[in-house]
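Now for the letters of each chain:
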Amino acid sequence: MAKTLLDKIWAAHVVKSIPGGGLDVFYIDRHLIHEVTSPQAFDEIEHRGLPLFRKEQIVATADHNVPTKNQHLPIEEPLSRFQVDKLTENCAKHNIELYGLGHENQGIVHVMGPELGLTQPGMTIVCGDSHTSTHGAFGAIAFGIGTSQVAQVMASQTLLLSKPKSMRITVEGEVKNGVTAKDIILYVISKLGTGGATGYFVEYAGSAFRALSMEGRMTVCNMSIEMGARGGMIAPDQTTFEYLKGRPFAPQGERWEQAVDYWSTLYTDEDATFDKEFFFDAQDIAPMITFGTNPGMGMAINEVIPTDVPASEVASYNKSLNYMGFQPGESLLGKEIQYVFIGSCTNSRIEDLRQVAKFVQGKRKAPHVEAIIVPGSKHVEKQAIEEGIDKVLAEAGFELREPGCSACLAMNEDKIPAGAYCVSTSNRNFEGRQGPGSRTLLASPLVAAITAVEGKIVDITQYLNESSGSRLGMTKQYEEAEQLL
Amino acid sequence: MEKFEVLQSTAVPLPIENIDTDQIIPARFLKATSREGFGENLFRDWRFDNAGQPKADFVMNTGRYSGQILVAGKNFGCGSSREHAAWAIYDAGFKVVISSFFADIFKGNALNNGLLPLQVSDEVLARLLGQIEEDPQTTLVVDLVKQELQVPAWEEKIPFEIDAYKKECLINGYDDIDYLVNQKDAIEQYEKSRPWAY
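All figures in this text were calculated on a predicted structure; none of them were measured in a lab.

A.B. asks: A description of the pattern of salt bridges should follow, citing residues and the corresponding values.
C.D. replies: Side-chain pairs of opposite charge can arise whenever the charged atoms involved come near each other. For the structure shown, the criterion picks out 32 salt bridges over all chains. Note that E46(A) is salt-bridged to K93(A), the shortest N-O span being 3.3 Å. Pair noted here: E46(A) is in helix α2 (residues 39-47) and K93(A) is in helix α3 (residues 78-94), with a separation of 47 residues, a long-range link. Among the residues examined, K93(A) registers a relative accessible area of 52% and is labelled exposed. Between D175(B) and R48(A) there is a salt bridge; the shortest N-O distance is 2.3 Å. Remark: R48(A) occurs in the loop between α2 and β4 (58-61) and D175(B) occurs in the loop between α6 (164-172) and α7 (176-181); the pair is interchain, linking two chains. You can call R48(A) partly exposed: its relative accessible area is 29%. Beyond isolated ion pairs, a larger network of salt bridges with shared partners links E44(A), R48(A), R35(B), E83(B), D175(B) and D178(B).

A.B. asks: Give a detailed account of the sheet that holds strand β19 (residues 439-442) of chain A, specifying residues and quantitative values.
C.D. replies: Residues and elements named next belong to chain A. Here we have five strands laid out as an open sheet, ordered β17-β16-β15-β18-β19, and parallel in their pairing. Every other strand in the sheet has two partners, leaving β17 (399-400) and β19 as the edge strands with one partner each. Bridge analysis of strand β16 (residues 370-373) against β17 gives two bridges, and the strand direction is parallel. Following the sheet pairing, I372 is matched in β17 by E399. In the packing of helix α15 (residues 445-454) onto the sheet, contacts are made with β15 (339-342), β16 and β18 (421-424), and the angle to β15 comes to roughly 150°.

A.B. asks: An account of empty space enclosed by the protein is needed here, citing residue identities and associated values.
C.D. replies: A full pass over the atoms with the stated rule returns four cavities of 30 Å³ or more. The volume enclosed by the largest cavity comes to roughly 210 Å³. Partitioning the lining of the largest cavity into residue classes produces seven nonpolar, eleven polar and four charged. As a volume, the second largest cavity reaches approximately 70 Å³. As for the second largest cavity, its lining consists of I225(A), G228(A), A229(A), R230(A), G77(B), C78(B), G79(B), S80(B), A103(B), D104(B), I105(B) and F106(B). Residues of the lining of the second largest cavity, tallied by class, amount to six nonpolar, four polar and two charged.

A.B. asks: Before we move on, can you summarise the nonpolar core with the specific residues and values?
C.D. replies: F76(B) and I98(B) are the most contacted members of the largest nonpolar core, which has 113 residues in total. With seven residues, the top contributor of residues to this core is α15(A). Those residues in contact with F76(B), other than ones at most four positions away along the chain, are I19(B), I24(B), F43(B), L70(B), I89(B), V97(B), S99(B), F101(B), F102(B), A103(B) and F106(B). Counting residues in hydrophobic clusters, the runner-up holds 81 residues, among them F26(A), L98(A), A155(A) and F280(A).

A.B. asks: Any details on the packing of helix α12 (residues 350-360) of chain A against α15(A)? Residues and values, ideally.
C.D. replies: Residue and element names in this part refer to chain A. Contact geometry for α12 and α15: axes closest at 9 Å, N-to-C directions at 35°. As α12 packs across α15, the resulting crossing turns out to be right-handed. Where α12 abuts α15, its residues D352, Q355, V356, F359 and V360 lie against P445, L446, A449, I450 and V453. Of the residues in the contact of α12 with α15, the class split is eight nonpolar, one polar and one charged.

A.B. asks: Outline the confidence of the model for chain B, supporting the account with residue identities and numerical values.
C.D. replies: Mean pLDDT over chain B works out to 96, with 100% of the residues at or above the 70 mark. Scoring of the predicted complex yields 0.95 for pTM and 0.96 for ipTM.

A.B. asks: Explain the interface of chain A and chain B to me, and be specific about the residues and the numbers.
C.D. replies: Interfaces are often sized by the amount of accessible area the parts lose when they come together. Taken together, the contacts link 76 residues of chain A with 54 residues of chain B. Approximately 5,200 Å² of surface area, both sides summed, lies buried where chain A meets chain B, with 58% of it carried by carbon and sulfur atoms. At the junction of chain A and chain B, the tally comes to nine salt bridges. One salt bridge connects E188(B) with R54(A), and the closest N-O pair in it is separated by 4.0 Å. Going through the elements one at a time, β1 (14-17), β2 (23-27), α2, α3, α5 (147-156), β8 (158-162), α10 (253-263) and α11 (314-324) of chain A are the ones with two or more residues in the side of chain A that touches chain B. Residue contributions to the side of chain A that touches chain B peak at seven residues, all from α5(A).

Analysis parameters
- Numbering of residues begins from 1 in every chain and follows the order in which that chain's sequence is written.
- The lettering of chains begins at A and the numbering of ligands begins at 1, in the order of writing.
- Per-residue local features are limited, in this predicted model, to residues with pLDDT of at least 70; the limit for side-chain atom pairs, both in listing and counting, is 80 or more; totals at the level of whole chains, interfaces and linings are taken over all residues.
- Calculation of side-chain values draws on the structure's entire complement of heavy atoms; hydrogens and water are dropped beforehand.
- Any Lys or Arg side-chain nitrogen located within 4 Å of an Asp or Glu carboxyl oxygen qualifies as a salt bridge.
- Think of it this way: any DSSP run of H or I at least four residues long counts as a helix, any run of E at least two long counts as a strand, and we number them from the N terminus.
- Partly exposed residues are those whose accessible area sits between 20% and 50% of the maximum for their type, while under 20% is buried and over 50% is exposed, using a 1.4 Å probe and protein chains only.
- Whether two strands pair depends on DSSP finding at least two bridges between them.
- By definition, residues are in contact when any of their heavy atoms lie within 4.5 Å.
- Axis angles are defined between N-to-C directions and span 0 to 180 degrees, where every axis is a line fitted to C-alpha atoms and, for a helix, only to the segment in contact.
- With a 1 Å grid spanning the protein atoms alone, the term cavity applies to any set of points in which a 1.4 Å probe fits but cannot get out, the term pocket to an open set with protein on both sides within 12 Å along at least five of seven lines, and the term lining residue to any residue with an atom within 4 Å of a point.
- Grid points are joined across faces, edges and corners, and a volume is the space filled by probe spheres set on the points.
- Classes in brief: Ala, Val, Leu, Ile, Met, Phe, Trp, Tyr, Cys and Pro nonpolar; Asp, Glu, Lys and Arg charged; the others, Gly included, polar.
- Here, the term nonpolar core denotes a set of buried Ala, Val, Leu, Ile, Met, Phe, Trp, Tyr and Cys residues that are joined through side-chain atoms within 4.5 Å.
- By definition, turning the near helix anticlockwise from the far helix through less than a right angle yields a left-handed crossing, and turning it clockwise yields a right-handed one.
- Per-residue confidence from the prediction method is given by pLDDT, with values spanning 0 to 100.
- Accessible surface is computed with a 1.4 Å probe, and the buried area is the amount of it that two parts give up when combined, taken over both parts together.

Structure follows, in structure tokens:
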């Protein structure tokens, strides 16, 4: 029978199916942990007297609750320091590989895993973080789990799961100038809504996704959870293999050849069927921005805030717009912005930084805007410095910080003040997400960079046409990116 | 995990859609390394002002509603996977959340903590919210054994779905971890038999 990519990888990881129900004992290849969602799991297995079943399949990093300044100094905030120290202590006690603060491999867990080659096609990967869907870009089943499940994987390397329904989202065609991976996924989420893929595992297919670099594919898969999907994946291809080859944890030598042979079997068979399918035309996608308090509330940057809302949703919709200080039918063009945040597991990789640097070179941010860029990892930071991106950013008035999740979720001191508007390359515009009372507008790094320079929302399509003929979108495969590592 | 069979309680209505886990428990309260105490910051920024004073108009502060059942708008628990959201709701005294739709990760987290996510249709949810708002003393009966929701003023009982295994776990207070650890032999066998291993 014809199989989907999900079917193939799922079947390869079923230890056993529980008779009479829809649940499988499902094997996990790679378990990534961080300081926020792991301490209670360590407590639980210790409390039950259980050993770690496969500790060599766990890799840890500190990212959510770390400062982005002076990482060489002890963390000032006592609770954060305690939480990060707890991770260090737990990893030492259980002999788990940890890339903590100061380690050359430290970074946001979903940036760190792929760049080290820990993420590979055909794998099952979990982490106590909903954006684990990022790793699906390599053709892996990757998804976020709760802390009870973190403990289950620690104790058994398995989870009890029912197989999700399957959804395919196909985008065909070439995107317009200025349209990036971020715009494609914001567009898709705006069409499906914030719960539109709940219960499903998504496969992204079609030429628009094929044309993306691995980093662009990660941006897409990263946001799968923002429409409720359990995860998102893209079948591995030459782009995937080229990205992985030579990375520290990628198979080497003969093992590499065997791996590529196996990975090449990981695609959806031609006549396989999905529980749900969506088709979009890449030409319909414009640079996007969100106007509300969930990622489904997005629109083309030059459109007006929709007024045609179903009666049952009007109350929640109005609550959301009221929080943002916007009106239905209003255009965001010309709206003054106080903060620009470029970072997060969605958009903090070297291509994102290069794109920002390319645009801001020789320009200056608007005086009233605070623009911060937080690289996704120590390796991204190092690469940015080697390429001179740090200098370009500094000259443009952007502040390059040290790696971490930062203002995406504002667990550390990087917060947007109440009432202020922030154009952010992160993944969530929930109320208070970037700090109590903060107002977030999600967008691509390109839109964020332009906003920082202009100090307000502008119609970037017009801007690109006027300013230069050069293609600034990053959906075309980047000229062979220098090896990151 | 505490056992759950039947619960009889009044309910607290929260008729807002897409309540994400950042609203349930904001990230800045996730610094604790134990599971306890999150209830005091449940719905923190809706419930308290910047000075930490209760906001008079929030449903948990009006004094009109109380109980161990939270009735919320559709797509409850979307966003972050933080299990702290389920801990916070449970710690604040709720044993059941009723909605017309739950986000996947939240649903799993709730079930792993003895908190029952009870899904009803949009129509039943709207009626239920109306009923509670009209009469805050409305006492609901959630019968997990029979998989039924009973509303005294209503003639019909509302059946609800739950995975048979998860139902057994809730009724007996079992965790998945107990089951999985007992599968060790099968898991080791699987590891040896894999055609491709990482």
